[in-house]
Structures are given as C-alpha cells and as structure tokens.
Amino acid sequence: MDDSAYSSKAGPFHGASRFTIQQAYMAEKIDIERAGNDDLLVTLQKQIAHSAMHNSSERYDVPKCHPGTRDKVLEEIDSWINNANQESRTMWLDGPAGAGKSVIAQTIAVRCVEEDKLAASFFFSRHNADRNTCRSLIATIVYQLSLYVKDVKKDLADALQNSGPAIWSMSLEWQIQKLITEPLAKAVYKYPTITGKCLIIDGLDECVEHNMQGEVVRCFTKASFRGLLSVLIVSRPELYIRQEFKRAPAGSFIPFNLNEKYDPEKDIDWYLRDKFSQIRLHHPLRHGLDSNWPSNEQIEQIMNGSSKQFIYGARHLVTATFVQGNVT
C-alpha cells in the first residue's frame, strides 16, 4: 500500500527512524492512574447504599433531637468526639426500642457536618434491602470519606485500584484494613491536621445477618485509625452485639447506656408540652381547642404510659394533631 495513505494521519512517531519502543503500556498506565483518582470513585457508587447515608432523600425529614432535649447525652458524645486525648475511640450507644437512639445518631451526624467532623454515616434498616446487610457497608463508608475528608481521596482511590474488584468478596476485616485503615494511615502522615472525624453506624441490630452484627463490633473495636476516626456504634443490646462487646479488649470502647445513664422523663415532658403548645398555635383547627388542652392530667397519663420512651409520646402527638379529645 502507498505510504501516502497515512500522510493525513501522522502519529507521534511520524518521520522517526532507528528507535525502539519499550514499555508499550504507557498510555494504558496513564489512563489507569487517571481512573484511580476519578473514575474508580465514581464507579464506587454501584457498590454503595445511598439510602443509608444521614442525608439520603429516602430518609427525608428524619427527626432530630427536639431543642432542649437530650442535651446532656449530646454534650457527652460531642465531648468524646472532640477529645483528641481520649484513648477509647469507639463508643457503643445502646438502649431499648423507642428510646430515641436513631434520633440522637441523626442529630450527631448533622452536627458533625456543620463542624466539619463527619467522616461517614450508615443507618441500617431491616425493612430496606439496600441497608439491612453489611454488603455495602464499607463501600458506603469509603465513598463518604472521599467526600467529607478530601485529603484522603487519592489514598482511597489508590487503595481501590490496588485491591481490585475482588475486594468486595473479601472479609469485612480485610476490607476495613485495605480500604480504610491503610489509606488513612498514609493520609494522616501527609496531612496531620485531618484528625478528629466521626464515623456513625446506627441501628446495627437491624442488620439481618445476625453473625455480622458481632463481626462489625469486633472489626471496628480492633481497627486502629491512627487518631483520625472516632466510631459511634448505635444499637439495641442484642445478643451478638452484646457478646462481642464483652469480648472486646479492656478500654477499646466506651459503653453508653441510655436508660441507665440518663433519665429522659424531664426531656419527654418538655417535648410534649412544647409540641402541644405548637399545635395550639398553628393547627388549622386550633380555634376549637380548649385553652387548657391538654390538661396536666392528660400529659401525666402519656408520661405514665411512655415507659421513658420518646416514641410513645411522639405517637400521641401524631394522633393529637388530627384528633382533639381525651389523650389516651
């Protein structure tokens, strides 16, 4: 064929002679490095549970702690997150159903965002197939780390590239080691100011893989995040979780029991009275309400039935929003 056929498509070696091409993978290598910084974090979206994040649209209008309630609980958790000298970097916040654990976790997540303290959050839900297992837990955490702790992004991308897609079939402990612990260790060495972030794992008891509940506890209490991460685990005191925390090394976590540590009755009383006052002021049918509604006796009746659980009072408020009369 006539060489002139190629004259209009001259390549980078046009006119060159007497040379040898070595390492012919050069262009491919450049593309992989570029993918490591950008494309791999984009493709990570295929592995994550979007609905598990604190600001997911599927969790829209999730309640936060009512102003003036749970102040002591929130202050203690805030103090623990901000105390760089605190040896135990894992906290277990536990309590029974209806105690307001997820509301507290959501409030802490929002506060951490406002203070540039959030590393990641994962809210389990047994009724949502995207977040009722640990399948997407680490990917979702890594994805958020790349957003909230930007100085770690390149090290995370490198870790993803070096691990390859098979990492998602590896054990939870291996994923944490390769995709969180090791990248963070490199990042902290280069950027020592990126410490003091908080990872929030809420509703661990709602993971339907019961054995993995304990595995999450074991792996995160064992992991060393070089001072970068505090890990807040929130759950009911279910068997697998309780057993694994009992096995954890002494001093590896701080127990925080909602029922035993703080009496919520005053908070529930304040919450009810404040919410009922808003109903009297703003409800479309407020003009038909008695001036003394609800009476102290009715509020006391709710308090007696609440068993110190916020959810009981909240349900009565929902009913009262639509129905005036005896609060039972």
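Throughout what follows, the structure given in this document is the object of discussion.

What counts, and at which threshold
Residues numbered from 1 in each chain as written. Predicted model: local features only at pLDDT ≥ 70, side-chain atom pairs only at ≥ 80, totals over all residues. Heavy atoms only, no water. Axes fitted to C-alpha atoms, helices over the stretch in contact; angles between N-to-C directions. Helix = DSSP H or I, 4+ residues; strand = E, 2+ residues; numbered from the N terminus. Parallel < 35°, antiparallel > 145°, perpendicular 65-115°, else oblique. Left-handed = near helix turned anticlockwise from the far one by under 90°. Contact = heavy atoms within 4.5 Å. Nonpolar A, V, L, I, M, F, W, Y, C, P; charged D, E, K, R; others polar. Salt bridge = Lys/Arg side-chain N within 4 Å of Asp/Glu carboxyl O. Buried < 20%, exposed > 50% of the residue type's maximum accessible area, 1.4 Å probe, protein only. Disulfide = S-S within 2.5 Å. Core = buried A, V, L, I, M, F, W, Y, C linked by side-chain atoms within 4.5 Å.

## A short note on the packing of helix 6 (residues 153–163) against helix 7 (residues 172–190)
Closest axis-to-axis distance for the helix 6/helix 7 pair is 9 Å, and the angle between their directions is 140°. The orientation of helix 6 relative to helix 7 falls into the category oblique. Judged by the twist between their axes, the crossing of helix 6 over helix 7 is right-handed. Of the residues in helix 7, those in contact with Asp155, Leu156, Ala159, Leu160 and Ser163 of helix 6 are Lys178, Leu179, Pro183, Lys186, Ala187 and Lys190. Residues of the contact of helix 6 with helix 7, tallied by class, amount to six nonpolar, one polar and four charged.

## Description of the packing of helix 3 (residues 71–82) against helix 4 (residues 101–114)
Helix 4 packs onto helix 3 with a crossing angle of 45° between their chain directions and a minimal axis gap of 11 Å. Between helix 3 and helix 4, the angle falls in the class oblique. In this structure, the crossing between helix 3 and helix 4 has a hand that is right-handed. Seen from helix 3, the contacting residues are Val73, Leu74, Ile77, Asp78 and Ile81; seen from helix 4, they are Ile104, Thr107, Ile108, Arg111 and Cys112. Residues that form the contact of helix 3 with helix 4 fall into these classes: seven nonpolar, one polar and two charged.

## Observations concerning the pattern of salt bridges
Per the counting criterion, the structure on display carries 12 salt bridges. The shortest N-O distance in the salt bridge between Asp78 and Arg111 comes to 2.5 Å. Of the two residues, Asp78 sits in helix 3 while Arg111 sits in helix 4, which places them 33 residues apart along the sequence. You can call Arg111 partly exposed: its relative accessible area is 26%. Across the salt bridge formed by Arg126 and Asp205, the nearest N and O atoms sit 4.0 Å from each other. Placement of Arg126 in the loop between strand 2 (118–123) and helix 5 (137–148) and of Asp205 in the loop between strand 3 (197–202) and helix 8 (210–222) is noted, with a sequence separation of 79 residues between them. Salt bridges sharing common partners tie together Arg126, Asp205, Glu206 and Arg236.

## What about the state of the cysteines?
Here the structure, examined in full by the defined rule, presents zero disulfides. Just so you know, Cys207 is unpaired, no disulfide at all, and the nearest cysteine sulfur is the one on Cys134, 3.9 Å from it. Unpaired in terms of disulfides, Cys219 finds its nearest cysteine sulfur in Cys134, a separation of 9.2 Å.

## A few points about the nonpolar core
In terms of nonpolar packing, the biggest core is built from 50 residues, with Leu137, Ile138, Ile141, Ile180 and Phe220 touching the most fellow members. Elements supplying a minimum of two residues to this core: strand 2, helix 5, helix 6, helix 7, strand 3, helix 8, strand 4 (229–235) and helix 9 (239–247). Among all residues touching Ile138, those that are not within four sequence positions of it are Leu172, Gln175, Ile176, Leu179, Ile180 and Phe220. Judged by nonpolar contacts, the second largest core, of 22 residues, contains Ile77, Ala105, Cys112 and Leu232.

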